[in-house]
Amino acid sequence: MGKSRAEHVGADPGDAAGGGGTAGSPDDELLLAALLDGMDAALCAFDSDGVVTHWNREAERILGWTAEEAVGRRGLAGWAVRSADAAHVEPRLLGAMDTPGRQVHEFALVTKDGGRVLVRTQSSGVAGADGRPTGVYCAFSEVHAQIDLERSIALSEALFEDAAWGVVLVDADLRPAVVNTHAARALRLTSRTAVLGRPLGELLDHGLDELEGALQHVLAQGAPPAPTEIWVSLRRGTDRGEGDGETGTKAPAAGASGDGRRGRCWRSGFLRLASPLAEEPVPLGVAWLFRDVTDEKRAAQDVSRLRFRDNQLHRAARAAAECENPMEAAAVHLDFSLAGFADHALLDLLPVGRPASAEGDGGDGGAPVPLVRAAATPASSHGHGPVVEAGLASGIPVGYGPTHPAVQAYDRGTTVRTSVGGAAVPGWAQGRKWPDGTVHGLCAVLRSRGRTLGVVTFLRGSSRRGFDRADASYAEDIAVRLASAVDLARTTRG
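Definitions and cut-offs
Residues numbered from 1 in each chain as written. Predicted model: local features only at pLDDT ≥ 70, side-chain atom pairs only at ≥ 80, totals over all residues. Heavy atoms only, no water. Helix = DSSP H or I, 4+ residues; strand = E, 2+ residues; numbered from the N terminus. Buried < 20%, exposed > 50% of the residue type's maximum accessible area, 1.4 Å probe, protein only. Areas by Shrake-Rupley, 256 points an atom, 1.4 Å probe, with all protein chains shown as cover. Salt bridge = Lys/Arg side-chain N within 4 Å of Asp/Glu carboxyl O. Pairing = 2+ DSSP bridges. Axes fitted to C-alpha atoms, helices over the stretch in contact; angles between N-to-C directions. Core = buried A, V, L, I, M, F, W, Y, C linked by side-chain atoms within 4.5 Å. Contact = heavy atoms within 4.5 Å. pLDDT = per-residue confidence, 0-100. Phe/Tyr/Trp six-rings, centres within 6.5 Å; stacked < 30°, edge-to-face > 60°. Lys NZ or Arg CZ within 6 Å of the ring centre and 35° of its normal. Parallel < 35°, antiparallel > 145°, perpendicular 65-115°, else oblique. Left-handed = near helix turned anticlockwise from the far one by under 90°. Nonpolar A, V, L, I, M, F, W, Y, C, P; charged D, E, K, R; others polar.

**What about the overall build of the chain?**
Here's step 1: A tally of helices and strands in the chain yields 14 helices and 15 strands.
Here's step 2: Across the 494 residues that make up the chain, the buried fraction comes to 44%.
Here's step 3: Counting every atom, the chain has about 24000 Å² of accessible surface; 53% of that belongs to carbon and sulfur.

**Regarding the pattern of salt bridges**
Here's step 1: Overall, the coordinates contain 23 salt bridges when judged by the stated rule.
Here's step 2: Between D130 and R132 there is a salt bridge whose closest N-O contact spans 2.6 Å.
Here's step 3: Take R132: its relative accessible area is 58%, and that puts it in the exposed class.
Here's step 4: In this structure, D468 and R465 form a salt bridge, with 3.3 Å as the shortest nitrogen-oxygen distance.
Here's step 5: Since its relative accessible area comes to 7%, R465 is described here as buried.

**Here we look at the sheet that holds strand β6 (residues 166–170)**
Here's step 1: Within the open sheet, the 5 strands sit side by side as β7-β6-β10-β9-β8. Their pairing is antiparallel. Edge strands, defined here as strands with exactly one partner in the open sheet, are β7 (176–179) and β8 (228–232). Taking each pair of neighbouring strands and ignoring which way they run, the sheet shows an average axis angle of 30°.
Here's step 2: Relative to strand β10 (residues 283–292), strand β9 (residues 264–274) is paired through 9 bridges, and the arrangement is antiparallel. By the bridge assignment for β10, L271 is matched with A287.

**Points about the nonpolar core**
Here's step 1: L347, L446, V456, F458 and L482 are the most contacted members of the largest nonpolar core, which has 29 residues in total.
Here's step 2: Put simply, the parts of the chain that give this core at least two residues each are α11 (326–337), β11 (344–349), β12 (372–377), β14 (438–448), β15 (451–461) and α14 (469–493).
Here's step 3: It is α14 that provides the largest number of residues to this core, a total of 10 residues.
Here's step 4: When sequence neighbours within four positions are dropped, the list of residues in contact with L482 reads A330, H333, L334, L347, L446 and V456.

**Examining the confidence of the model for the chain**
Here's step 1: Across the chain, pLDDT averages 80, with 81% of residues at or above 70.
Here's step 2: Confidence drops under a pLDDT of 50 for residues 1–23, and excluding neighbours within four residues, the segment shows 43 contacts in the predicted structure.

**Observations regarding the packing of aromatic side chains**
Here's step 1: Per the stated rule, a full pass over the model turns up 9 aromatic pairs.
Here's step 2: With a centroid separation of 5.1 Å and an interplanar angle of 75°, the aromatic rings of F341 and F458 are classed as edge-to-face. Taken together, the positions of F341 in the loop between α11 and β11 and F458 in strand β15 put the pair 117 residues apart, joining distant regions of the chain. Of the two residues, F341 and F458, neither departs from the other in class, the shared state being buried.
Here's step 3: Of the aromatic side chains, those joined through ring pairs into one cluster are F341, F458, F467 and Y474.
Here's step 4: Here R73 stacks its cationic end above the ring of W79, 4.8 Å away from the centre of that ring.
Here's step 5: For the cation-ring pair, R460 lies above F341, with the distance from its terminal atom to the ring centre recorded as 5.4 Å.

**Considering the packing of α11 against α14**
Here's step 1: At a minimum axis distance of 8 Å, the contact between α11 and α14 shows a crossing angle of 165°. Judged by the inter-axis angle, α11 sits roughly antiparallel to α14. Pair α11 / α14 crosses with left-handed handedness. Contact with α11, carried on its side by P326, M327, A330, H333, L334 and S337, involves Y474, I478, R481, L482, A485, V486, L488, A489 and T492 of α14 and no other residues of that element.
Here's step 2: Residue classes in the contact of α11 with α14 are distributed as 11 nonpolar, 3 polar and 1 charged.

**A word on the sheet that holds β12**
Here's step 1: Ordered in space as β12-β11-β15-β14-β13, the 5 strands form an open sheet in which the pairing is antiparallel. If you trace the sheet from one side to the other, it starts and ends with β12 and β13 (416–419), each paired once. Going from strand to strand, the sheet's axes swing by 15° on average, the running direction of each strand aside.
Here's step 2: With 6 bridges joining them, β11 and β15 adopt antiparallel strand pairing. Residue pairing across strands places L349 opposite G454, the latter belonging to β15.
Here's step 3: In the packing of α14 onto the sheet, contacts are made with β11, β13, β14 and β15, and the angle to β14 comes to roughly 45°.

**Some thoughts on unusual backbone geometry**
Generally, phi is negative for residues other than glycine and the peptide bonds are trans, each holding for most cases.
Here's step 1: The residue after T377, namely P378, is reached through a cis peptide bond having omega 0°.
Here's step 2: Relative to the helices and strands, P378 is located in the loop between β12 and α12 (405–412).
Here's step 3: Even without glycine at this site, K433 takes up a positive phi of about 60°.
Here's step 4: Structurally, K433 is set in the loop between α13 (428–431) and β14.
Here's step 5: Classification of K433 as partly exposed rests on a relative accessible area of 32%.

**Some details on the environment of D209**
Here's step 1: Of note, D209 is situated in helix α9 (residues 208–221).
Here's step 2: Judged by its relative accessible area of 64%, D209 is exposed.
Here's step 3: A C-alpha to C-alpha distance of 10.0 Å links D209 and V232, two positions 23 residues apart in sequence.

**Here's the deal with the environment of L43**
Here's step 1: Residue placement: L43 occurs in strand β1 (residues 42–47).
Here's step 2: For the pair L43 and A59, spaced 16 residues apart in sequence, the C-alpha separation works out to 6.0 Å.
Here's step 3: Excluding residues within four positions of it along the chain, L43 makes contact with L36, H54, W55, N56, A59, Y137, C138, A139 and F140.

**Quick notes on the pairing of strand β4 (residues 116–127)**
Here's step 1: Looking at chain direction, strand β3 (residues 103–110) and β4 are connected through 8 bridges and run antiparallel. Paired with Q103 across the strands is S123, a residue of β4.
Here's step 2: Bridge count for β4 against strand β5 (residues 133–142) is 9 bridges, and the pairing is antiparallel. Residue G125 lies in a different strand from β5, and its bridge partner there is V136.
Here's step 3: Connecting β4 to the next strand, β5, in antiparallel fashion are 5 residues, including G131 with a positive phi near 90°.

Here it is, written out as structure tokens:
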């Protein structure tokens, strides 16, 4: 720190600051010099006469005056403070000797090159062994740096109290270290501290692997350039989302876990946290910020699904218009209906020899209506291919029982949905004369000119979710087109 400063280390303020002992020894002088120079804040000290006794490197960095130039000067007037301001600044600094506690002020100091810098000072008196004031020390920093620090602290407090985003600080072992109020609600925790230090696997079921992979990537390589969307479901039966979007594939639907439970979509951003005190970045963990966008995603999926289905109906209508045989047109509508909707489709019609029902009935003497298989798609499903003419002549009934969903739909004149759950149950599909692996069914009636002509059945396997109301509406749209084609075929035949 320079010879002039070392000479003052053992002076009165130095003795008081050093806490007594052999403060004047060379070892103590070196230790005190190292401590002062290692401080993050600028520091200067004055004796009882207002002479500068200490001046560390941070003070030199801020103002440009070296320790050799500062130590030994009386007061700050004319060099670190403008002469016009000295009468206001110096009494407030030195007045801390006679005032208990710490005094905080803001002053404009002068740099060596003639510039001015606004600093925030904290000054406190130094007392000797007899209790009398012997000097004052003053720690100061640039106001903007102090404000930046305060803003950072305020931002942290706001994020963990009032933020509309969930914030979770995850340590290097991928365990939550801090959870804010919003995140605690999203994770359905009883308190913000309920999960601290516990594995993420105790919180999340579906989506855990994707989240942990993202956290590991951030720790190793840094934050991704854009937020990512992760579908998650909570453990302990806490996920209670309503509905989800149709994916159009045989993979589990977005927003559903592998066992069919609904989940939530969290748009997530990640920030790698590193210690600012280390010479090389030391990862402290990851800040995971997320927002629930499930409703937005499902609304977008619903719009996309509706647009796709409208396009399918349009394409089917154009293709069917080129068919000379109305039953071929019905088969075309059936084929187009499968894309993104079902795994199998079955068309069962009332035989030609039996009068079509106006309101639906339960058959003669309570026996189920004898529906005849007219078409099935894909062609290999359940051993039936597209049979164009079978629905126009008497044939062998499929043999549905009175409680079969297709018979119930015909009797009631409305759409019937049925499901066994997320996994296949032995004998369930076979008992309904449906293809193996079927777990969800939807039966819609064919109505034309006030009469029920038959039933169209759509089937899904365990890789798909159950049919919802939107699916029932789409099936009814298809049934209307099928009924028109079947009615036309029977009219032209007669």
